[in-house]
Amino acid sequence: MLKELSVGIGLGVVVFLLANGYNIGPLVLLGLLGIGTYYLAQTRGLVKTFSKVTADNEVGVSFADVGGQAAAIQELREALDFIRHHDEIKRLGIRPLKGILLTGPPGTGKTLMAKAAAHYTDAVFLSVSGSEFIEMYAGVGAQRVRRLFQEARETARKRGKRYAVIFIDEIDILGGKRGQTTSHLEYDQTLNQLLVEMDGLGIDDEVLILVVAATNRPDMLDPALLRPGRFDRQVRVELPDREGRIEILRLHTRNKPLADDVDLDGIARETFGFSGAHLESLANEAAILAMREGAPEIRQVHFLEAIDKVVMGGKLDRRPSKEEIRRVAVHETGHAILSEMVQPGSVSTITVTPRGNALGYIRQVPEDDKYLHTQDYLEDRIAICLAGAVAEEVVCGSRSTGAANDFEQAVHYAETLVRGGMSEIGIVAPGTLPQELKHQTISRILQKQEERVRAILNERQQVMSRIVEKLLVSEKLSGQEFRNLLAGEN
Ligand code: ATP
């Protein structure tokens with residue numbers, strides 16, 4: 001619109017000057033120069049508008065479209081309720097929430113969740129990627145950040161919305177630790193500008209802006225970004241477990257004709273380690289295979305073939321083998337049994353779905369803060385740490401590299417015992433303690449606990465196998481399910 005108007009006015013001026021006999025040569029030259037500079041700036045990305053602006057009704061994604069992320073959605077929704085009830089927040093003088101950081105592996109639905117957040121708060125949604133801010137030219141990134149916030153405000157105002165959600169994907173590119181990149185000045189300026197913009201957001205603004213950012217590497221982020229008042233809510237978006245995968249498969253097959261023999265539960269069992277994006281691609285591939293065959297409906301064989309296609313086509317980074325998953329189940333069961341032995345009721349969940357860097361994990365009921373640790377407590381912790389490796393040895397006949405972190409922790413507890421004068425060598429001066437003696441004492445502490453754990457697990461081989469089988473089928477056991485199995489119930 002503005003463009004057409006300027007061209008019209010420009011032409012009008014030229015005709016007027018020509019009609020009155022003026023020499024318009026210099027004016028034309030000046031005009032051409034201006035157009036050339038604008039064109040260059042645009043192709044170099046110096047002038048940039050963020051085109052992926054969408055109103056909530058165009059986004060059309062709600063939390064119901066995100067599968068297998070119940071815990072993450074719950075957390076996100078609680079945070080968003082803060083915004084929806086901003087009058088109450090203002091009345092109580094609570095600091096408004098400005099940023100939410102979604103962390104987790106690729107393709108797990110972080111973008112989807114940000115869109116659903118916009119839908120939930122009836123906000124305009126702007127989506128950008130961290131890489132869009134980075135240019136060779138100093139100051140360009142910072143200017144883009146300013147424009148992004150401006151655009152969010154303007155778009156919301158134009159559409160009569162009270163809220164705007166800005167989604168920044170791959171924030172680690174823009175928000176990495178300052179002073180670490182080669183062209184650090186540009187990166188730092190861009191990040192500083194983002195911090196300035198976020199600090200400037202207030203509860204009284206005409207348009208309330210919420211920044212939702214996503215990253216696979218939260219450890220790379222500059223600590224300034226995680227300070228209160230910026231991204232002070234972190235929501236982990238994990239790979240879906242079996243039930244989550246069934247839910248996602250249901251979502252992505254709801255618009256597809258399925259034959260009666262399709263067993264989504266079976267497909268979910270075969271797709272351990274798949275993300276939401278993989279499952280979406282799987283459903284799509286299955287439909288393509290059915291179309292190629294000219295079949296009226298998608299059958300189970302199409303899905304099974306599509307799994308191979310997704311796995312073999314290199315779409316999956318890495319998929320643990322069945323043997324590996326079994327070993328992980330044995331390992332986690334070992335930890336859980338010991339945890340339950342030394343502190344009944346302490347296991348809250350066991351899962352063999354990969355989380356973060358771990359292939360599986362047990363979650364323990366959080367303990368109260370402890371300022372003093374007794375000898376028994378420290379020895380019990382060591383036993384829990386060692387139980388994973390010992391369980392592997394008892395059930396699988398050998399250990400694996402999966403226990404390296406556990407050992408590190410066990411050694412740390414053993415060192416605390418030695419330093420605290422609770423080992424067999426009594427009170428020591430840590431600075432003058434000979435390395436050899438320290439090493440031997442720690443080894444003996446670890447060995448004693450290892451034997452204790454071995455005796456406990458050897459006695460419970462049967463129940464351990466039962467728990468492992470159950471875990472392999474459902475991928476996750478609640479603390480209560482685990483305790484029932486341990487007590488011999490089915
Ligand atoms: P990245 O980190 O690579 O940006 P992401 O976590 O943002 O990935 P999305 O872009 O949200 O992932 O997901 C890509 C596509 O995968 C979605 O458009 C959707 O079709 C599908 N998908 C991913 N996760 C889910 C989920 N939890 N429920 C339903 N569909 C999902």
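Residues numbered from 1 in each chain as written. Predicted model: local features only at pLDDT ≥ 70, side-chain atom pairs only at ≥ 80, totals over all residues. Heavy atoms only, no water.

### Examining the overall build of the chain
Next, step 1: In terms of regular secondary structure, the chain is built from 19 helices and nine strands.
Next, step 2: When each of the 490 residues of the chain is scored for burial, the buried share is 44%.
Next, step 3: For the chain, the share of sequence-separated contacts (at least 6 apart) that also reach a separation of at least 24 residues comes to 76%. (Helix = DSSP H or I, 4+ residues; strand = E, 2+ residues; numbered from the N terminus. Buried < 20%, exposed > 50% of the residue type's maximum accessible area, 1.4 Å probe, protein only. Contact = heavy atoms within 4.5 Å.)

### Looking at the site of the ligand
Next, step 1: Taken together, 18 residues lie near the ligand, and G67, G107, K110, T111 and H252 sit nearest.
Next, step 2: Measuring from an oxygen atom of the ligand, one finds a side-chain N or O atom of D169 at 3.1 Å.
Next, step 3: When the free accessible area of the ligand is taken as 630 Å², the share hidden by the protein chains comes to 78%.
Next, step 4: Counting residues per element, the ones that place at least two in the shell around the ligand are α6 (110-120), α10 (242-253) and α12 (276-293).
Next, step 5: Here the residues of the shell around the ligand sort into five nonpolar, nine polar and four charged.
Next, step 6: Viewed by domain, the shell around the ligand spans two of them, domain 2 (54-236) and domain 3 (242-312), each represented by three or more residues. (Near = heavy atom within 4 Å. Polar contact = N/O pair within 3.5 Å; in protein donor to acceptor, adjacent residues only side chain to side chain. Areas by Shrake-Rupley, 256 points an atom, 1.4 Å probe, with all protein chains shown as cover. Nonpolar A, V, L, I, M, F, W, Y, C, P; charged D, E, K, R; others polar. Domains from an automatic or database assignment.)

### What to know about the packing of helix α14 (residues 322-342) against helix α17 (residues 435-459)
Next, step 1: Relative orientation of the contacting elements α14 and α17 amounts to 100 degrees, with a least axis distance of 11 Å. Comparing their axes, α17 and α14 come out roughly perpendicular. In this structure, α14 uses G334, I337, L338, M341 and V342 to contact α17, whose residues at the interface are R452, V453, I456 and L457.
Next, step 2: Residues that form the contact of α14 with α17 fall into these classes: seven nonpolar, one polar and one charged. (Axes fitted to C-alpha atoms, helices over the stretch in contact; angles between N-to-C directions. Parallel < 35°, antiparallel > 145°, perpendicular 65-115°, else oblique.)

### Here's the deal with the side chain of H331
Next, step 1: Mapped onto the elements, H331 comes out in helix α14.
Next, step 2: Discounting chain neighbours no more than four positions away, the residues touching H331 are G388, A389, E392, G402, A403 and D406.

### Thoughts on the pattern of salt bridges
Next, step 1: With the rule as written, the count across this model stands at 25 salt bridges.
Next, step 2: The salt bridge partner of R157 is E206, with a shortest N-O separation of 3.3 Å. Residue R157 is located in helix α7 (residues 140-158), and its partner E206 is located in the loop between α9 (184-199) and β5 (208-215); the two are separated by 49 residues in the primary sequence.
Next, step 3: R157 sits in the partly exposed class, given a relative accessible area of 44%.
Next, step 4: What you see here is one network of salt bridges that share partners, running through E393, R399, E450 and R454. (Salt bridge = Lys/Arg side-chain N within 4 Å of Asp/Glu carboxyl O.)

### Thoughts on the sheet that holds strand β9 (residues 476-478)
Hydrogen bonding along the main chain pairs the strands of a sheet, whether they run parallel or antiparallel.
Next, step 1: Spatially, the three strands line up as an open sheet ordered β8-β7-β9, and their pairing is antiparallel. Single-partner strands in this sheet number two, and they are β8 (361-364) and β9. Each strand of the sheet is rotated relative to its neighbour by a mean of 10 degrees, with strand direction disregarded.
Next, step 2: Pairing of strand β7 (residues 347-351) with β8 involves four bridges; the strand directions are antiparallel. Along β8, the bridge assignment pairs T349 with R363.
Next, step 3: Along the sheet, helix α19 (residues 479-486) contacts β7 and β9; its crossing angle with β9, the most-contacted strand, is approximately 85 degrees. (Pairing = 2+ DSSP bridges.)

### Here we look at the packing of aromatic side chains
Next, step 1: Scanning the entire structure with this criterion turns up two aromatic pairs.
Next, step 2: Here the aromatic rings of F125 and F167 are separated by 6.2 Å at their centres, their planes lie at 20 degrees, and the arrangement is stacked. Of this pair, F125 sits in strand β3 (residues 123-129) while F167 sits in strand β4 (residues 163-169); the two residues are 42 residues apart in sequence, bridging distant segments of the chain.
Next, step 3: On the accessibility criterion, F125 (2% relative accessible area) is buried.
Next, step 4: On the accessibility criterion, F167 (1% relative accessible area) is buried.
Next, step 5: Positioned above the aromatic ring of Y120 is the side chain of R84, whose terminal nitrogen or guanidinium carbon lies 4.1 Å from the ring centre. (Phe/Tyr/Trp six-rings, centres within 6.5 Å; stacked < 30°, edge-to-face > 60°. Lys NZ or Arg CZ within 6 Å of the ring centre and 35° of its normal.)

### With respect to the environment of D376
Next, step 1: Topologically, D376 is positioned in helix α15 (residues 375-396).
Next, step 2: Taking the relative accessible area as the measure of exposure, D376 reaches 53% and is therefore exposed.

### Here we look at the confidence of the model for the chain
Next, step 1: Summary statistics for the chain give a mean pLDDT of 85 and a share of 88% for residues scoring 70 or more.
Next, step 2: When pLDDT is averaged over each element of the chain, α15 comes out on top at 96 and helix α3 (residues 56-59) at the bottom at 50.
Next, step 3: A low-confidence stretch, residues 43-49 (pLDDT under 50), is modelled with 18 contacts involving residues beyond four sequence positions or located in other chains. (pLDDT = per-residue confidence, 0-100.)

### So, the packing of α14 against α15
Next, step 1: Relative orientation of the contacting elements α14 and α15 amounts to 140 degrees, with a least axis distance of 7 Å. Relative to α15, the element α14 is oriented oblique. Relative to α15, the crossing made by α14 is right-handed. Contacts from R327, V330, H331, G334, H335, L338, S339 and V342 of α14 reach α15 at D380, A383, I384, C385, A387, G388, A389, A391, E392, V395 and C396. (Left-handed = near helix turned anticlockwise from the far one by under 90°.)

### Structural notes on helix α4 (residues 70-84)
It helps to recall that an α-helix has 3.6 residues per turn; residues three or four apart then point in one direction.
Next, step 1: The end-to-end C-alpha distance of α4 is 20 Å, a good match for the 21 Å that 15 residues give at a rise of 1.5 Å each.
Next, step 2: Along α4, the positions that sit buried rather than exposed are A72, I73, L76, A79, L80 and I83. Angularly, the buried residues of α4 cover 130 degrees about the axis, an arc narrow enough to put them on a single face. Counted as exposed and oriented over 90 degrees from the buried face of α4: A70 and A71.
Next, step 3: For α4, the elements touching its buried residues are α5 (86-92), β2 (99-103), α6, β4, β5 and β6 (233-236). (Expected span 1.5 Å × (residues − 1). Arc of directions from axis to C-beta.)

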